[in-house]
Amino acid sequence: MQRQVVLDAVLKLNAHPTIEEVYAEINVNHPSISKTTVYRNLRQLAGNGVIGRISLPDGLERYDKSAMLHYHFVCKECECIYDVELDHLDGVDDFVQSKYGFKVDGHGIAFTGTCQKCQNKKPELC
């Protein structure tokens, strides 16, 4: 039950939430669920490939409702995180593995810059 509550919160938040944001969402209706339980369930859901876990330069671990491989853009102004699809990088793990002999377990790419909203000086909520 707790795992489903955590998953539901990630799906509801829909904006690459931090552990704190997921916990705050859950705490409204389920105050008996501890932050440790939320953290443990987030890790398990990500480890099982149900949701994605994102490590970004800000150091905060964030979670993604999509476990499918994709990339992210982080706006330096509003700090919103956007999904970026880059189909032409399909197979890049195999390429790096064959070229360098590494055993590649995965990779992540996060672009940084200024989103269109901030470029137009109209920052909004993510």
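Structure shown above.
K.L.:
Kindly report on the pairing of strand β4 (residues 81-84), identifying the contributing residues and their values.
P.N.:
Note that strand β3 (residues 71-75) and β4 share four bridges and pair antiparallel. Bridge pairing in β4 links tyrosine 71 to valine 84. The turn joining β3 and β4, which pair antiparallel and follow one another in sequence, is formed by five residues; a positive phi near 65° is taken by glutamate 79.

K.L.:
Lay out the environment of leucine 45 with the relevant residues and their values.
P.N.:
In this structure, leucine 45 sits in helix α3 (residues 35-47). Placed 22 residues apart in sequence, leucine 45 and alanine 67 show a C-alpha to C-alpha distance of 9.6 Å. With residues near it in sequence (within four places) discarded, leucine 45 still touches Arg3, Val6, Leu7, Val50 and Ile51.

Parameters at a glance
Residues numbered from 1 in each chain as written. Predicted model: local features only at pLDDT ≥ 70, side-chain atom pairs only at ≥ 80, totals over all residues. Heavy atoms only, no water. Pairing = 2+ DSSP bridges. Helix = DSSP H or I, 4+ residues; strand = E, 2+ residues; numbered from the N terminus. Contact = heavy atoms within 4.5 Å.

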